[in-house]
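Structural overview for review
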Amino acid sequence: MQGKTITNALLALRAQIIRGNLDGLDHVDALLVARGIDPAAQVVRKPRSANRMPRRGLASVIMDCLRDGPKRSRDVARYLAEREPSVIYAQGMRRVYQGLYRLGRQGVAVKHGRSWRIKELPKYPFASS
């Protein structure tokens, strides 16, 4: 069990060195080779971007965008990416797509063709006294 822990720690250290462009990669690779692990075969993935947007923030951003009139989902995603710097456009497309359909299920937004708009409230005549 301890062997797996040491190997995982060395792999994590190697990934950190590669991501941060730090010194010591040769030493970590030498330790991995000594443990029988081929460092060249290991894949180093980029860390996921932090999603710092509040949970209810997406619905308010979508509603703000749709207040100007009907918009397509990619226009809403572009608006989201401009307004929230922590959300990149590709990630925004997925989140907007989910958010628009969630608002549609709640009865707040309506889809017409490829465009979304805010659902209009029924207009009731006011009773005059």
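Our structure's up above, just so we're on the same page.
Residues numbered from 1 in each chain as written. Predicted model: local features only at pLDDT ≥ 70, side-chain atom pairs only at ≥ 80, totals over all residues. Heavy atoms only, no water.

1. Focus on the overall build of the protein
Tallying secondary structure elements over the protein gives five helices and three strands in all. For the protein, buried positions account for 26% of its 129 residues. Summarising the internal contacts of the protein: among those between residues at least 6 apart in sequence, 47% fall at separations of at least 24. When the accessible surface of the protein is totalled, it reaches about 9900 Å², and 53% of it is carbon and sulfur. (Helix = DSSP H or I, 4+ residues; strand = E, 2+ residues; numbered from the N terminus. Buried < 20%, exposed > 50% of the residue type's maximum accessible area, 1.4 Å probe, protein only. Contact = heavy atoms within 4.5 Å. Areas by Shrake-Rupley, 256 points an atom, 1.4 Å probe, with all protein chains shown as cover.)

2. Some details on the packing of helix H3 (residues 57–66) against helix H4 (residues 73–83)
Orientation of H3 relative to H4, taken along the N-to-C sense of each, is 115°, at an axis distance of 10 Å. Crossing geometry of H3 relative to H4 is assigned as right-handed. Along its contact with H3, which presents Leu58, Val61, Ile62, Asp64, Cys65 and Leu66, the element H4 presents Asp75, Val76, Tyr79, Leu80 and Arg83. Looking at the contact of H3 with H4 residue by residue, the classes come out as eight nonpolar, no polar and three charged. (Axes fitted to C-alpha atoms, helices over the stretch in contact; angles between N-to-C directions. Left-handed = near helix turned anticlockwise from the far one by under 90°. Nonpolar A, V, L, I, M, F, W, Y, C, P; charged D, E, K, R; others polar.)

3. Points about the pairing of strand S2 (residues 109–112)
Across four bridges, the pairing between S2 and strand S3 (residues 115–118) is antiparallel. Looking at the pairing, Lys111 lines up with Trp116 of S3. Turn length for the S2-S3 hairpin, with the two strands adjacent in sequence and antiparallel, is two residues, and the turn residue Gly113 shows positive phi of about 65°. (Pairing = 2+ DSSP bridges.)

4. Quick look at the packing of H3 against helix H5 (residues 89–106)
Relative orientation of the contacting elements H3 and H5 amounts to 80°, with a least axis distance of 10 Å. Viewed along their axes, H3 and H5 adopt a mutual orientation that is roughly perpendicular. Residues Leu58, Ala59, Ile62, Met63 and Leu66 of H3 lie in contact with H5, whose contacting residues are Arg95, Val96, Gly99, Leu100 and Leu103. Classifying every residue of the contact of H3 with H5 by side-chain character gives eight nonpolar, one polar and one charged. (Parallel < 35°, antiparallel > 145°, perpendicular 65-115°, else oblique.)

5. Considering unusual backbone geometry
Positive phi, close to 55°, is recorded for Asn21, a residue that is not glycine. As for its position among the elements, Asn21 is in the loop between helix H1 (2–20) and helix H2 (25–34).

6. Considerations on the nonpolar core
Counting residues in hydrophobic clusters, the biggest one holds 15 residues, and the most contacted among them are Ile62, Leu66, Val76, Leu80, Val96 and Leu100. Ignoring anything within four residues of it in the chain, the contact list for Val96 reads Leu58, Ile62, Ser73, Val76, Ala77 and Leu80. (Core = buried A, V, L, I, M, F, W, Y, C linked by side-chain atoms within 4.5 Å.)

7. Considering the side chain of Thr7
Relative to the helices and strands, Thr7 is located in helix H1. We classify Thr7 as buried; its relative accessible area is 13%. In this structure the side chain of Thr7 is engaged in a polar contact, spanning 3.1 Å, whose partner is the side chain of Arg35. Setting aside residues no more than four positions away along its own chain, Thr7 makes contact with Leu32, Arg35 and Ile37. (Polar contact = N/O pair within 3.5 Å; in protein donor to acceptor, adjacent residues only side chain to side chain.)

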